[in-house]
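# Coordinate analysis (summary)
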Amino acid sequence: MLYAHARSPIVRLCLCVLLTAFPLLILPQAMLLAQPAESLSTGVIPTMGINDVTEGTLLFKTNQPGRYTPAPILKIDVQIAVTGIIARATVRQEFTNPSEKKGDWLEGVYVFPLPETAAVDHLRMHVGERIIEGHIKERAEAKKVYEKAKQEGKRTSLVEQERPNIFTTSVANIGPSERIIVEIEYQETIRYDQGKFQLRFPMVVGQRYIPGTPVIVEDQDPKGLGTMLDTDRVPDASRITPPVQKPGQWPINPVSLSLSLTPGFPVAKVESLFHPIIVIPDPDRGYQISLKKDAVPADRDFQLTWSPAASNEPRATVFTEQRNGETFAMLMLVPPTQQNDAAPRMPRDLTFVIGTSGSLAGPSIEQAKASLAAALMRLTTQDRFNVIQFNNTVRSLFSSPQPVTTAAKRKAIRYVEGLSADGGTDMLPALRQALKSPEDSTRLQQIILITDGQVGNEDELFELLHHRLGNRRVFTIGIGSTPNSHLMRKTAEFGRGTFTYVGNVSDVKDTLDALFKKLEHPVLSDIQLDRAGWTALEHYPSRIADLYDGEPIVLAVKATSVPDQALLRGHMGTQPWSLPVSLKQATARSGLSVYWARQKISTLMDEAFMGTDEETVRKGVLDVALAHHLVSKYTSLVAVDVTPARPIGKSETEQPQGARPTEDQEKTAMAGLPKTGTTGEIQLLLGLLLLTTAVFLWRAQKAAA
Amino acid sequence: MITLLVVAFVLIGLWQTGNGAWIYLKAQLAQVQLQRAWAGTLAGQQEVKPWLWADTWPIARLAVPSLGIDQIVLEGAYGRTLAFGPGHVESTGPLEGSDSIILTGHRDTHFRFLEKLHVGETILLQARTGVWHRFVVRDRQIVDSRTATISTQEDKRQLILVTCYPFTAIVPGGPLRYMVNAEIVERMAKDKP
């Protein structure tokens, strides 16, 4: 019947319009996505930005702000000492200024990318015959030192770290063919994942090295260049003298690496993923590891993994360090490796508390729903569960945790699928509701909070947990593009649970499977360090979390005097448990004081979020950071030229440092910002199109009738 | 048969047109409510909710005198918030401090004017205290959001406005962004100049 009507030319026209309209709407989108980034690039020469650095690099400034040319590396020497879960690395790199022309003075920026948990605490640079050394100072004072030195014409640079992920320091006036040696020391925490400890040292050479690429050398500071990066070219082309590198001249960065590993427990095996190594066991249960070859090309990262030897009891190890009359210790509690799947599992009460505020609309609520669905799949018949959703009101599926039956599960899955994001974020009543269910010591009672944590009343939340938690545990899962991870971490700490961050919907299943698997097998709970025998004991974290299968617990300890034996107490299931740890025979290592100091600083910084006034926090952090030579929010590493004074021979050729030196730059990834185009236009167009088509069709029908 | 088709088209057409129009209407109406909430904020109230079920609140007033722009900026740069006004990316500093700020908004509603903003023009931002800050546009860039990053630690305080690009794209969701970079010139007295 439609076919008969379709013979009418008007109708056919309308249908054609409709059919062509849809692909046309899709096409612009495809075109946008297909547009290559290159067409927006800032210049002809392949240079790099600071964020492109994947290993320690010396960058020379070019005329384009934000773009640099890497200096050729002559050699790299790395020494790493691993103690338990901390790694202290000393990296020594030699660079050269490749230009041979006289008067080609370059300004360089030394950039070292750091993993999240790492921080540089020592720096020394040799530039030709100059020595530049870094000292930790209070932040404002550091800035004053830097300004003063700059005014006096001395070479100096300021290294400030807002967040530890990239460390930069700049050096001015590097002469032609001059050699630069940079030595830095940093400390980081080892990653533990799925039963293995992992250490990674970045060595990959950027594929940006293209033999024969000309190096742009600047004659002057690039002040007042054009501000439209996509259309301006370098204005004074005649003043650039690009020395051409001969093909193959760029070296493949030979690296020599040696490691001393003291894991703190018997290991099953030590493996290097990409490089052949020699492992020599030490008498003190450590290992000396070096690369089979003296020097290797830096074409892939160095990755070392080791795993604990099999055991079915939790083990504790301790390392100590003496510093300034105080004892610093790192106490590690490692869970048994045998997955006790045969062991009877305690029945669980699981309450899922999920945020559905407007701020989660879009992919975030999808992440939350996926998390919840994944969790529901793992429940067994001996468990009980409930789902509570909250935005500015609280709604719960059941009034209290119900046994897991097929009907209940089905109901819950439907409930979860029906969740939509709208409204405000009021988490307090939701938590209160979750904590209303009666306590039962024969069951594991776990509350899983899935939200982005965008709330203001943190103190009330922590107070509630402090008073009403009892034997229950609260685990937090952070979702959304900018979750309030401080709040979520603190909530988990108060709830004696853990915080997991889910970045992408695609990561949800894996991350949460691992989390839930872990939650099903707690090994020890209510863990405490007995204070008898200690003087002035201070340990972080102050509230020890439970020990789960597959994840060790680490305590950073400081005291003025220690007992011969420390005692750890807790509960294994319902049975009391204790474990003595001998401190007398503890292995002495360095870096423990730094680890303790960093843990203390992060605890102090957390207190700022909990209402302690900034000045108190600042004083606390300052004390610790200065005492242990650490960079923090309130202290900076100032690198001052400590070269002995020389006659002013070359000063005429040196340019005044007009442009600001490149300091550590805080970057915000653009992809993290929300999409800012509404569907308004497309909906209006589509709507109007349909209305117009309707009019035509109506007319056509009238005409045909 | 045709009648059914016509009815269907009319209904869907009205629904889509209505939705589309509502997006623009909402953007305008919200600003009216926000101006009131802003007055309250200036009077000293904290986190004034512009309407009962709002989960955001005004934190600044954005004005571009040369283009006649006067908008209220909301806290948080989430999809929902941006329907009502430009949003302040929380992980960048607050206006009262001295860190750089990133504001983001929809390219077809509140931040449409970015296209006409030239280097050298003035942007004014009023904080909750009532104090006005003057910024001057220094730079405009088109970047790919998949690879670009914004540097927020320069010598002078930066105000960065970001929106999607191109401005006239009908289908939303492309990866390009239009970024306007302005540098602080001065903090001024409480009265608007």
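Residues numbered from 1 in each chain as written. Chains lettered and ligands numbered in written order. Predicted model: local features only at pLDDT ≥ 70, side-chain atom pairs only at ≥ 80, totals over all residues.

This part is about the overall build of chain A. Within chain A, the secondary structure is distributed over 12 helices and 36 strands. Across the 705 residues in chain A, those meeting the buried criterion constitute 39%. (Helix = DSSP H or I, 4+ residues; strand = E, 2+ residues; numbered from the N terminus. Buried ≥ 20, exposed ≤ 12 C-beta atoms within 10 Å, placed from the backbone.)

A word on the sheet that holds strand β32 (residues 565-572) of chain A. All names here are of chain A. Read from one edge of the open sheet, four strands run β30-β28-β32-β33, paired in antiparallel fashion. The open sheet has two edge strands, β30 (547-548) and β33 (575-582), and neither has a second partner. With two bridges joining them, strand β28 (residues 522-529) and β30 adopt antiparallel strand pairing. The residue bridging P522 from the neighbouring strand is Y548, located in β30. (Pairing = 2+ DSSP bridges.)

Residues and elements named next belong to chain A. In this structure, F499 sits in strand β27 (residues 499-501). In sequence terms F499 and I477 are 22 residues apart; their C-alpha atoms lie 5.8 Å from each other. Leave out the neighbours within four places in its chain, and F499 touches T476, G478, M488, R489 and A492. (Contact = placed C-beta atoms within 7 Å.)

This part takes up the nonpolar core. With 90 residues, the main nonpolar core has A:V318, A:A329, A:M330, A:L331 and A:V557 as its most contacted residues. Mapping this core onto the domain boundaries places at least three of its residues in each of domain 2 (62-305 + 631-642) and domain 3 (309-340 + 524-590) of chain A. Discounting chain neighbours no more than four positions away, the residues touching A:M330 are A:T83, A:G84, A:V318, A:F319, A:V554, A:A556, A:L592 and A:Y595. The next biggest cluster of nonpolar side chains, apart from the first, holds 43 residues, and it includes B:A27, B:L82, B:F111 and B:I160. (Core = buried A, V, L, I, M, F, W, Y, C linked by C-beta atoms within 7 Å. Domains from an automatic or database assignment.)

At a closest axis distance of 7 Å, the pairing of helix α12 (residues 680-704) of chain A and helix α1 (residues 2-42) of chain B adopts a crossing angle of 155°. By the angle between their axes, α12(A) is roughly antiparallel relative to α1(B). Remark: the crossing between α12(A) and α1(B) carries left-handed chirality. Its residues assigned to classes, the contact of α12(A) with α1(B) shows 18 nonpolar, 11 polar and one charged. (Axes fitted to C-alpha atoms, helices over the stretch in contact; angles between N-to-C directions. Parallel < 35°, antiparallel > 145°, perpendicular 65-115°, else oblique. Left-handed = near helix turned anticlockwise from the far one by under 90°. Nonpolar A, V, L, I, M, F, W, Y, C, P; charged D, E, K, R; others polar.)

Residue and element names in this part refer to chain A. You can see T612 is positioned in the loop between α10 (592-609) and α11 (614-628). Judged by local crowding, T612 falls into the partly exposed class, with 13 C-beta atoms found within 10 Å. Apart from residues lying up to four places away in sequence, T612 is in contact with E607 and V617.

To continue, consider unusual backbone geometry. With omega at 0°, the peptide bond leading from A:Y540 into A:P541 counts as cis. Along the chain, A:P541 falls in the loop between β29 (538-540) and β30. Cis peptide bonds are those with omega within 30 degrees of zero, and the linkage from B:Y165 to B:P166 qualifies with 0°. Among the secondary structure elements, B:P166 is positioned in the loop between β8 (158-164) and β9 (176-187). In the Ramachandran plot, A:D526 falls in the positive-phi region, its phi being about 55° despite a non-glycine side chain. Here A:D526 is to be found in strand β28.

The description of two helices packed together rests on the angle between their axes and the distance between the axes. Residues and elements named next belong to chain A. Contact pair helix α4 (residues 363-377) / helix α5 (residues 406-417): the axes reach a minimum separation of 10 Å and the direction vectors enclose 170°. As the angle between them shows, α4 and α5 are arranged roughly antiparallel. In this structure, α4 uses K369, L372, A373 and L376 to contact α5, whose residues at the interface are K409, A412, I413, V416 and E417. The residue makeup of the contact of α4 with α5, split by class, is six nonpolar, no polar and three charged.

What follows concerns the pairing of β8(B). Residues and elements named next belong to chain B. With seven of seven residues buried, β8 is to be regarded as a mostly interior element. Looking at chain direction, strand β4 (residues 101-104) and β8 are connected through four bridges and run parallel. Residue pairing for β8: I101 is matched across the bridge by L159. Relative to β9, β8 runs antiparallel, the two sharing seven bridges. By the bridge assignment for β9, L159 is matched with A182.

With that out of the way, let us pick up α12(A). Between its terminal C-alpha atoms α12(A) stretches 36 Å, which fits the 36 Å expected from 25 residues at 1.5 Å a residue. Turning to α12(A), its buried residues are A:G680, A:I682, A:L686, A:G687, A:L689, A:L690, A:T693, A:A694, A:L697 and A:A700. (Expected span 1.5 Å × (residues − 1).)

What follows concerns the pairing of strand β7 (residues 130-138) of chain A. Residues and elements named next belong to chain A. As paired elements, strand β6 (residues 119-127) and β7 share four bridges and run antiparallel to each other. Note that in β7 the partner of R124 across the bridge is E133. By the bridge criterion, seven bridges tie β7 to strand β35 (residues 635-641) in an arrangement that is antiparallel. Counterpart to E138 in the pairing with β35 is T635.

Residue and element names in this part refer to chain A. Here chain A averages 73 in pLDDT, and 71% of its residues register 70 or above. Predicted confidence in chain A is weakest over strand β36 (residues 667-669), with a mean pLDDT of 48, and strongest over strand β22 (residues 384-390), with 92. Every residue in residues 205-251 is under pLDDT 50, and counting partners more than four places away or in other chains gives 78 contacts. Low pLDDT (under 50) marks residues 645-669, which in the prediction has 49 contacts with non-local residues, meaning those over four places away or in another chain. (pLDDT = per-residue confidence, 0-100.)

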